[in-house]
Amino acid sequence: MISADDGAQYSKPMLSTALAQKKTASQLANSSAQDMSKRLNVAVIPHQRVLSLAPQSRTISTSIGEFSYGDLVLALGADPIPSKLQGDGADQILSVNDLADYSRLRAKLEGARRVLIIGGGLIGCEFANDLLAGGIVPLVVDPNPTPLAKLTPEAIGNSLKDELERAGVIWHLNTKVDRVNLKQNQLTVMLTNGLKLEVDGVISAIGLTPRTELAKVAGIATAQGILVDAYGETSVPGIFALGDCAEYLDGRLMPYVRPTLIAARSIAATLAGTLTQIHFPIMPITVKTPTHPVVVLRPGLSVKGEWSVFRELDIEHWLFRDDDNRLHGFAVSGTSAKSHPSLTREVGSAYPKPPAA
Ligand SMILES: Cc1cc2nc3c(=O)[nH]c(=O)nc-3n(C[C@H](O)[C@H](O)[C@H](O)COP(=O)(O)OP(=O)(O)OC[C@H]3O[C@@H](n4cnc5c(N)ncnc54)[C@H](O)[C@@H]3O)c2cc1C
């Protein structure tokens, strides 16, 4: 296993919840590359970036030389989308996508009182809640009228907005960041609506884009991500891809831990000699905002139907049903978030069960 970072094993979802717990980057790492190497009986080569792939000769190149392979698995992850902002403070903007980024964030937040987050999507909202819990005032800027605009019906985004606002988050919605300037350790952020905000740090949470470049240059088919078939194999036999860098059948990106583990198990079985298709169960997305938790299951892209609200004793459930009244998606928050397991089961009953892996 060759890794560009230190190869330590850690739970990446904790990157947006660890400030509240005052965890350092080293406290987040469960085991080192060396421990993992012993435990799993694999050779781990940390701090080495794969520079190119040569499928014809079945070799990869790194700065310490070439390695040959029998089969190859690409688990390259995704890059933060660059914020490309103007101003002499733009290079101070942080994005948090690995342990080293988290370490830089911790250092930057030392003594900080106000931090601006660019993007009110899932990761931006999680960071806002985490900063709050860590005693820092978060200011969130997003061009949409509500947070989680791409993920949930507006009412759910609004309920999260209201609850986080009550807890201390300052929203700047329907606007964008225009430029960031630096003056004596203070950042001045200009918004396109003309407002000027003084903050101690800026985090960009505007999304991630699958790392496809290595594959593309090597002639492996890519679209949004590295294209894989039902077995996780790319257009080049013997090369597989999974996780944030992969694009699964039906154009689906699955940038979450559980689908990555499911794909890993299936690909491992195939590589060990038992051809195994990847079957994803129904997997809702949980937004880790303890102030007001949100759980969402988006309907499949091809499903025709509509969102409507179902109220029970003042508790709202947003449900996506098709013309035959079958449930294909839901969005629940706050108290109603607790009903997500039964809703997930109801959605699951509309689909044939995948064979046991
Ligand atoms: C802040 C945050 C919060 C999240 N919260 C959740 C959550 O609550 N629930 C959830 O399910 N998911 C969450 N996710 C997403 C989840 O962490 C990812 O889907 C998962 O980690 C993907 O695993 P991966 O192996 O594809 O990529 P990564 O975990 O990013 O690993 C990619 C690895 O590839 C290495 N690499 C890249 N290029 C090269 C190269 N050229 N040569 C060698 N090595 C290379 C990198 O160094 C890295 O070690 C979150 C993500 C973030 C950033």
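The shown structure was predicted, so the numbers you read here are calculated from the model rather than taken from an experiment.

### Quick word on the overall build of the protein chain
Across its full length, the protein chain holds eight helices and 24 strands. Dimensions of the protein chain, computed from the C-alpha atoms along their principal axes, are close to 60 × 55 × 35 Å. Per-residue burial over the protein chain gives 43% buried out of 357 residues. Considering only intrachain contacts with a sequence separation of at least 6, the fraction spanning at least 24 residues in the protein chain is 54%. For the protein chain, the accessible area works out to roughly 18700 Å², and carbon and sulfur atoms hold 52% of it.

### Section: the nonpolar core
Counting residues in hydrophobic clusters, the biggest one holds 39 residues, and the most contacted among them are Tyr-102, Leu-105, Leu-109, Ile-117, Leu-131 and Leu-148. Mapped by element, the contributors of at least two residues to this core are helix H1 (25–28), helix H3 (99–109), strand E8 (114–118), helix H4 (122–133), helix H5 (154–167), strand E10 (170–173), strand E20 (285–287) and strand E21 (294–297). For this core, the element with the most residues is H4, which contributes six residues. Every residue in contact with Tyr-102, bar those within four places of it in the chain, is listed here: Leu-15, Ala-18, Leu-19, Lys-23, Thr-24, Ala-25, Leu-28 and Val-96. Judged by nonpolar contacts, the second largest core, of 27 residues, contains Leu-72, Ala-218, Val-228 and Ile-267.

### Quick look at the site of the ligand
Inspection of the region around the ligand gives 25 residues, with Lys-12, Val-50, Asp-244, Val-257 and Lys-288 positioned closest. A distance of 3.3 Å separates an oxygen atom of the ligand from a polar atom in the backbone of Ala-75. A distance of 2.8 Å is found between an oxygen atom of the ligand and a backbone nitrogen or oxygen belonging to Val-257. The protein chains hide 83% of the 1000 Å² of surface that the ligand would expose on its own. In terms of residue class, the shell around the ligand is built from 13 nonpolar, six polar and six charged. Residues lining the shell around the ligand come from more than one domain, with at least three contributed by each of domain 1 (9–77 + 209–271) and domain 2 (82–206).

### Quick word on the pattern of salt bridges
For the coordinates displayed, the defined rule picks out nine salt bridges. Among the ionic pairs, Asp-71 bridges to Arg-58, the shortest N-O distance being 3.9 Å. Of the two residues, Asp-71 sits in the loop between strand E5 (65–68) and strand E6 (72–74) while Arg-58 sits in the loop between strand E3 (50–54) and strand E4 (59–62), which places them 13 residues apart along the sequence. Judged by relative accessible area, Asp-71 falls into the partly exposed class, the value being 43%. Taking relative accessible area as the criterion, Arg-58 reaches 32% and is therefore assigned partly exposed.

### Some thoughts on the packing of aromatic side chains
Scanning the entire structure with this criterion turns up two aromatic pairs. Ring geometry for Tyr-248 and Phe-280: centres 5.0 Å apart, planes at 80°, overall edge-to-face. With Tyr-248 in strand E18 (residues 246–248) and Phe-280 in the loop between helix H7 (257–271) and E20, the pair connects residues that are 32 residues apart, well separated along the chain. Residue Tyr-248 is classed as buried on the basis of its relative accessible area of 4%. Take Phe-280: its relative accessible area is 17%, and that puts it in the buried class.

### Things to note about the environment of Thr-335
Along the chain, Thr-335 falls in the loop between strand E24 (327–333) and helix H8 (340–349). Accessibility expressed as a relative area gives 52% for Thr-335, which makes it exposed. In the structure, Thr-335 is positioned 73 residues away from Ile-262 in sequence and 30 Å away in space, judged by C-alpha atoms.

### As for the environment of Arg-106
Assignment of secondary structure puts Arg-106 in helix H3. A relative accessible area of 23% places Arg-106 in the partly exposed class. Once the C-alpha coordinates of Arg-106 and Asp-35 are considered, the two residues, 71 residues apart in sequence, prove to be 25 Å apart. Sequence-distant contacts of Arg-106, defined by excluding residues within four places in its chain, comprise Leu-19, Lys-22, Lys-23 and Thr-24.

### Points about the side chain of Glu-247
With respect to the helices and strands, the residue Glu-247 is situated in strand E18. It is Arg-252 that comes nearest to the buried, bridge-free Glu-247 among opposite-charge side chains, at 9.7 Å. Separated by 2.7 Å, the side chain of Glu-247 and the backbone nitrogen of Gln-224 make a polar contact. Setting aside chain neighbours within four positions, we find Glu-247 in contact with Ala-223, Gln-224, Gly-225, Ile-226, Leu-227, Val-228, Arg-252 and Leu-253.

Rules used in this analysis
Residues numbered from 1 in each chain as written. Predicted model: local features only at pLDDT ≥ 70, side-chain atom pairs only at ≥ 80, totals over all residues. Heavy atoms only, no water. Helix = DSSP H or I, 4+ residues; strand = E, 2+ residues; numbered from the N terminus. Buried < 20%, exposed > 50% of the residue type's maximum accessible area, 1.4 Å probe, protein only. Contact = heavy atoms within 4.5 Å. Areas by Shrake-Rupley, 256 points an atom, 1.4 Å probe, with all protein chains shown as cover. Core = buried A, V, L, I, M, F, W, Y, C linked by side-chain atoms within 4.5 Å. Near = heavy atom within 4 Å. Polar contact = N/O pair within 3.5 Å; in protein donor to acceptor, adjacent residues only side chain to side chain. Nonpolar A, V, L, I, M, F, W, Y, C, P; charged D, E, K, R; others polar. Domains from an automatic or database assignment. Salt bridge = Lys/Arg side-chain N within 4 Å of Asp/Glu carboxyl O. Phe/Tyr/Trp six-rings, centres within 6.5 Å; stacked < 30°, edge-to-face > 60°. Lys, Arg positive; Asp, Glu negative; His and termini not counted.

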